Amino acid sequence: MIYLDSAATSFLKPASVRYAVSEAMRTMSSPGRGGYESAMRAADTVLDCRVALADLFCVRDPAQVVFTSSATHGLNIAIRSLVRPGDRVVISGYEHNAVWRPLHGVGADIAVARAPLFAPDAMVRAFRELLPGAKAAVCTQVSNVFGYILPVERIADLCREQGVPLIVDASQSAGTVGLDFDRLGCAFAAMPGHKGLLGPQGTGVLLCRDEDVTPLFYGGTGSLSRQAAMPEFLPDRLEPGTHNVPGVAGLLAGVKWLERRTCPAVLAHERELLELFSRRLEQEKGLRLFRAADPALQTGVLSVQIDALDCEEAAARLGEKGVAVRAGLHCAPLAHETAGTLEEGTVRFSFSPFNTEREAMAAADAVLELL
Amino acid sequence: MQYLLTFRSLTYAQRAARVLERAGVTGTVSRVPKAAAAKGCAYCVIVAARHRDWAVSILTGAGLVPERVILRHPDGTLEVSE
């Protein structure tokens, strides 16, 4: 199988991740529940992962790194911490349902900053117009549908100027596009552990600016046990219950792999594959490739429309040929609406550090066979 | 004799132990004895008595101020020193 659905989950992972998960299950129990060896080994692994993530994302204090079960989990915490019913919240027109639905659920007054694909200046202008009076803003760093790298730094600057707390959805950028949390000055950044960070499914990370956060879950933390209220300090305030220690151990192995390979090198590799794949297809009639004129605005994620085929049908046929891709709306109807692809959807090809040039070319050939 | 430097959570105790280790002071993360854990479960870093002042100074400089400093006598009795 040629796996080109890494924007959904990094099915292709370093062997060290599988080994770390297995070793954790064999040798670690639960941190914060005892002082015996297996508990302390688990605690050391969890702290090692916090520290590694703090280093990767330039977070001053590892206690600001909170483990969640997914980016969706983290985004729900961030939104529930900042937004009350009726609050005006500005979001980009490329947000995932992991942002849109929690905002809808909390009863926010959602203002969508719309701008064409790969037009960062227009996106900044849209945010500038909508931010006055907003209680919060949310912006994805990279569109999960189009691989479009949004101008998050400039939007963060605007938010700081206006005193509007910003939530960054780093689901598609963590592990490829850099994120300097301290310099960005955002209130939260949420990301999954199982995509670009190469950890197992069921892991996620929420970077928090301060301790003024609203827990989504309540329960035991191994601290201040006699107190009915949740601890007021991080990470305990947001981490009740037993940690996913095998998941965190695997995530740590993924982050260490990234430290060695480096995020810019991973991004460069994925872009090279996207370039090869696109060049093979771009002259073909009946295909529409959503590519940025400036390669610096796109990661290794590409949406494609095939004129003669429904996108789901195209993905199914590619699957039969051994090419794994995702079709439809990718849980991001806003992004499709903004790009004008809401009715037809797209077929998404997303490359990973483990895909090869040969795979990229073979996948392109499989697309050509559909025409 | 030993001193127990208590922290508000396991994460902070672990970080304190690592800061001390980098400074050449051996500190062991442990649970705080029930008799001294007024607020319920808590963690501490145990250091040798001779390292007490140096350890507290290092940790304070690193922004990891112990919540309490508890003296543990050889017979196991505890004495809150600050």
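Residues numbered from 1 in each chain as written. Chains lettered and ligands numbered in written order. Predicted model: local features only at pLDDT ≥ 70, side-chain atom pairs only at ≥ 80, totals over all residues.

> So, the overall build of chain A: which residues are in play, and what are the values?
Looking only at helices and strands, chain A has 12 helices and 13 strands in total. For 371 residues, the compact-globule formula gives about 21 Å, and the C-alpha radius of gyration of chain A, at 21 Å, lands near that figure. The 371 residues of chain A split such that 55% are buried. (Helix = DSSP H or I, 4+ residues; strand = E, 2+ residues; numbered from the N terminus. Rg over C-alpha atoms; globule rule 2.2 N^0.38 Å. Buried ≥ 20, exposed ≤ 12 C-beta atoms within 10 Å, placed from the backbone.)

> Which residues make up the overall build of chain B, and what values go with them?
When its secondary structure is counted, chain B shows two helices and five strands. Helices and strands appear in chain B in the N-to-C order β-α-β-β-α-β-β. Here the C-alpha coordinates of chain B stretch approximately 30 × 25 × 20 Å along the principal axes. By the burial criterion, 35% of the 82 residues in chain B qualify as buried.

> Go over the sheet that holds strand β8 (residues 204–208) of chain A with me, naming the residues and quoting the values.
Residues and elements named next belong to chain A. The strand order β2-β8-β7-β6-β5-β3-β4 describes an open sheet built from seven strands, whose pairing is mixed. The open sheet terminates on both sides in strands that have one partner only, identified here as β2 (65–68) and β4 (109–113). The sheet shows a mean angle of 20° between the axes of neighbouring strands, direction not considered. Two elements, strand β3 (residues 88–92) and β4, share five bridges in a ladder whose sense is parallel. Note that in β4 the partner of R88 across the bridge is D109. (Pairing = 2+ DSSP bridges. Axes fitted to C-alpha atoms, helices over the stretch in contact; angles between N-to-C directions.)

> Talk me through the pairing of β8(A); I want residue IDs and the actual numbers.
In summary, the side chains of a regular strand alternate between the two faces of the sheet. Residues and elements named next belong to chain A. Taking burial as the measure, the five residues of β8 include five buried ones, the bulk of the element. Residues of β8 alternate between two faces, with G204, L206 and C208 on one and V205 and L207 on the opposite face, all of them buried. Pairing geometry for β2 and β8, over four bridges, is antiparallel. Bridging from a neighbouring strand, F67 pairs with V205 of β8. As defined by bridge partners, strand β7 (residues 188–192) adjoins β8 across five bridges and the pair is classed as antiparallel. Within the sheet, the bridge partner assigned to F188 lies in β8 and is C208.

> Before we move on, can you summarise unusual backbone geometry with the specific residues and values?
Residues and elements named next belong to chain A. Following L234, the chain continues into P235 via a peptide bond in cis, with omega recorded as 0°. One can find P235 in the loop between β8 and α8 (245–261). One non-glycine residue, L224, lies in positive phi territory at about 45°. If you trace the backbone, L224 turns up in the loop between β8 and α8.

> If you had to explain the sheet that holds strand β12 (residues 326–328) of chain A to someone new, which residues and values would you point to?
Backbone hydrogen bonds hold the strands of a sheet together, and the pairing may be parallel or antiparallel. Residue and element names in this part refer to chain A. In space, the four strands of this open sheet follow the order β9-β10-β13-β12, with antiparallel pairing throughout. Every interior strand has two partners, whereas the edge strands, β9 (287–290) and β12, have only one. Strand-to-strand twist across the sheet, computed as the mean angle between neighbouring axes with direction ignored, equals 25°. Sheet topology note: the strand β10 (residues 301–306)/strand β13 (residues 346–350) ladder contains four bridges and is antiparallel. Along β13, the bridge assignment pairs V304 with V347.

> Break down helix α2 (residues 37–56) of chain A for me, with residues and values.
For α2(A), built from 20 residues, the straight-helix expectation of 28 Å at 1.5 Å per residue is met to within 8% by its first-to-last C-alpha distance of 28 Å. Of the surrounding elements, those touching the buried residues of α2(A) are α1 (15–27), β2, β8 and α8 of chain A together with α1 (10–22) of chain B. Just past α2(A), the residue C58(A) takes up positive phi, approximately 55°. (Expected span 1.5 Å × (residues − 1). Contact = placed C-beta atoms within 7 Å.)

> Run through helix α10 (residues 311–320) of chain A, naming residues and quoting values.
All names here are of chain A. Buried residues of α10: C311, A314, A315 and L318, and no others. Viewed along the axis of α10, the buried residues span an arc of 95°, placing them on a single side of the element. Looking at the buried residues of α10, the elements they touch are β10, β11 (323–324), β12, β13 and α12 (357–370). Just downstream of α10 lies G322, where phi reads positive at about 90°. (Arc of directions from axis to C-beta.)

> Could you give an account of the domain arrangement of chain A, with specific residues and numbers?
Residues and elements named next belong to chain A. As far as domains go, chain A holds domain 1 (2–11 + 262–370) and domain 2 (15–261). With 31 residues of domain 1 in contact, the opposing surface of domain 2 contributes 31 residues. Those elements giving two or more residues to the side of domain 1 that touches domain 2 turn out to be α9 (263–281), β10, α11 (333–339) and β13. In the side of domain 1 that touches domain 2, the residues fall into 17 nonpolar, 12 polar and two charged. (Domains from an automatic or database assignment. Nonpolar A, V, L, I, M, F, W, Y, C, P; charged D, E, K, R; others polar.)

> Just give me the short version of the packing of α1(B) against helix α2 (residues 52–61) of chain B, but keep the residues and values in it.
A pair of packed helices is characterised by two quantities: the angle between their axes and the separation of those axes. Residues and elements named next belong to chain B. Interaxial distance between α1 and α2 falls to 10 Å at its minimum, and their mutual angle equals 110°. Taken together, the axes of α1 and α2 lie roughly perpendicular to each other. For the crossing formed where α1 meets α2, the hand is right-handed. Residues A16, V19 and L20 of α1 lie in contact with α2, whose contacting residues are A55, I58 and L59. For the contact of α1 with α2, the per-class residue count stands at six nonpolar, no polar and no charged. (Parallel < 35°, antiparallel > 145°, perpendicular 65-115°, else oblique. Left-handed = near helix turned anticlockwise from the far one by under 90°.)

> Describe the nonpolar core, listing the residues and the values that go with them.
All names here are of chain A. A137, L166 and I167 are the most contacted members of the largest nonpolar core, which has 146 residues in total. Here this core takes nine residues from α2, the largest share from any one element. When residues of this core are assigned to domains, at least three map to each of domain 1 (2–11 + 262–370) and domain 2 (15–261). Not counting chain neighbours up to four residues away, the residues in contact with L166 comprise A137, C139, I155, A156, C159, C186 and A187. (Core = buried A, V, L, I, M, F, W, Y, C linked by C-beta atoms within 7 Å.)

> Before we move on, could you go through the packing of α1(A) against α8(A) and cite the residues and values that matter?
Residue and element names in this part refer to chain A. In contact at an axis separation of 8 Å, α1 and α8 are set at 150° when each is read in the N-to-C sense. Classified by the interaxial angle, the pair formed by α1 and α8 is roughly antiparallel. Considering the relative orientation of α1 and α8, their crossing is right-handed. Within the contact between the two elements, α1 uses S16, V17, A20, V21, E23, A24 and M25 and α8 uses V245, P246, A249, G250, L252, A253, G254 and W257.

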